[in-house]
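What follows is each chain in one-letter form.
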Amino acid sequence: MQRLKTYRILSILVVLVGFFTSPVSAQDHQENNKIMRLKITIGDTELMATLYDNATAKDLIAQLPLTVELEDYASNEKIFYPKPKLSTQGAPAGYDPSAGDITYYSPWGDIAIFYKNFKYSSGLVSVGKIDEADVKHLKFSGNKEAKFELVAE
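Sequence order as written defines residue numbering, which begins from 1 separately in each chain. With pLDDT at 70 or above as the cut-off, local features in this predicted model cover only qualifying residues; side-chain atom pairs require 80 or more to be listed or tallied, and sums for whole chains, interfaces and linings still use all residues. To get the side-chain values, take all heavy atoms of the structure and skip hydrogens and water.

Counting from the N terminus, the helices are DSSP H or I runs at least four residues long and the strands are E runs at least two residues long. Helix and strand counts for the protein chain stand at 3 helices and 10 strands. Any pair of residues with heavy atoms lying within 4.5 Å of one another is described as a contacting pair. For the protein chain, restricting intrachain contacts to residue pairs at least 6 apart in sequence, the fraction spanning at least 24 positions comes to 66%. Only the protein chains shown count as cover for residues, and all accessible areas are computed by the Shrake-Rupley method using a 1.4 Å probe. With the model as given, the accessible surface of the protein chain reaches about 9700 Å², and the carbon-plus-sulfur share is 55%.

As paired strands, strand β3 (residues 66-73) and strand β10 (residues 144-151) are joined by 5 bridges and run antiparallel to one another. Residue L70 lies in a different strand from β10, and its bridge partner there is K144. Where β3 meets strand β4 (residues 77-80), 3 bridges bridge the pair, whose relative direction is antiparallel. Opposite Y73, over in β4, you have E77 as the bridge partner. The criterion for strand pairing is that DSSP finds at least two bridges linking the strands in question.

With respect to the secondary-structure elements, G94 resides in strand β5 (residues 94-95). Exposure categories follow from relative accessible area, calculated using a 1.4 Å probe and restricted to protein chains: below 20% of the type maximum is buried, above 50% is exposed, and the middle band is partly exposed. Classification of G94 as buried rests on a relative accessible area of 10%. In this structure, the C-alpha to C-alpha distance between G94 and G123, residues 29 residues apart in sequence, is 4.9 Å. Sequence-distant contacts of G94, defined by excluding residues within four places in its chain, comprise Y120, S121, S122, G123 and L124.

A few words on the sheet that holds strand β9 (residues 124-130). The pairing of strands in a sheet happens through backbone hydrogen bonds and is either parallel or antiparallel. If you trace the 8 strands once around the closed barrel, you get β1-β2-β9-β6-β7-β4-β3-β10, paired in antiparallel fashion. Sheet twist, expressed as the average angle between the axes of neighbouring strands with direction ignored, equals 35 degrees. In terms of strand pairing, strand β6 (residues 101-105) meets β9 through 5 bridges, oriented antiparallel. Counterpart to Y105 in the pairing with β9 is L124. Most of the contacts of helix α3 (residues 55-62) go to β9, to which it runs at about 60 degrees, and overall it touches β1 (36-42), β2 (45-51), β3, β4, β6, β7 (110-114), β9 and β10. Between N-to-C directions, angles span 0 to 180 degrees; the directions come from axes that are lines fitted to C-alpha atoms, helices contributing only their stretch in contact.

Listed in full, the buried residues belonging to α3 are T56, A57, L60 and I61. Down the axis, α3 shows its buried residues gathered within 140 degrees of arc, on one side only. Working definition: the arc comes from the directions between the helix axis and the C-beta atoms, pointing outward to the latter.

A few words on the environment of K83. Here K83 shows up in the loop between β4 and β5. Look at K83 and you get exposed, because its relative accessible area is 66%. Remark: the alpha-carbon pair of K83 and Q63, spanning 20 residues in sequence, is separated by 8.4 Å.

Every residue is assigned a pLDDT by the predictor, reflecting its confidence on a scale from 0 to 100. The pLDDT averaged across the protein chain works out to 84; a share of 77% of its residues lies at or above 70. In the predicted structure, residues 9-32 sits below a pLDDT of 50 and forms 2 contacts with residues beyond four places in sequence or in another chain.

Okay, unusual backbone geometry next. Each neighbour pair has its own omega, and for L64 with P65 the value is -5 degrees, a cis peptide bond. Tracing the chain through its elements places P65 in the loop between α3 and β3. Backbone torsion omega between K83 and P84 reads -5 degrees, so that peptide bond is classified as cis. Residue position: P84 is located in the loop between β4 and β5. The backbone of A74 shows a phi angle near 60 degrees, a positive value even though the residue is not glycine.

On to a nonpolar patch on the surface, then. In this scheme, patches are assembled from residues that exceed 30% relative accessible area and form no salt bridge. Like charges are connected within 9 Å, while nonpolar side chains (Val, Leu, Ile, Met, Phe, Trp, Tyr) are connected within 5 Å. When a carboxyl oxygen of Asp or Glu is within 4 Å of a side-chain nitrogen of Lys or Arg, the pair counts as a salt bridge. A contiguous nonpolar patch, built from Y73, Y81 and W108 and spanning about 310 Å² of accessible area, is present on the exposed surface. The topology assignment puts Y81 in the loop between β4 and β5. A relative accessible area of 36% places Y81 in the partly exposed class.

Dropping the structure here:
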């Protein structure tokens, strides 16, 4: 009886070890590390961005496509408020944004897209990055309608 119990335990361990150490196929790896590309259309201008693999970005992706009014805030970022608020699970306490960064400011619940560098801010979560050549298109005055949509790459 004792041998049977030992054999069952060993069998379970072999299955578990095999499960956790089995190789991941190239296709699985490619799908899990897929680059998520975002197209932002403002008037006739299209900006491209890369979204990161985190809970906040995934919540934003779930709301796409999305058409919003981009507002200028503090002469260094464009903002809008997604509904509902986005998850910040696993996010660091804050972030030090640069021009082109797409972020989520959790205390207010807004997406902030920086067109100028800014200082570290608590509650700011990095969501993605606009392609460097496209950042200049965010330096417009006033509010403008923008469409956000996921694109295949």
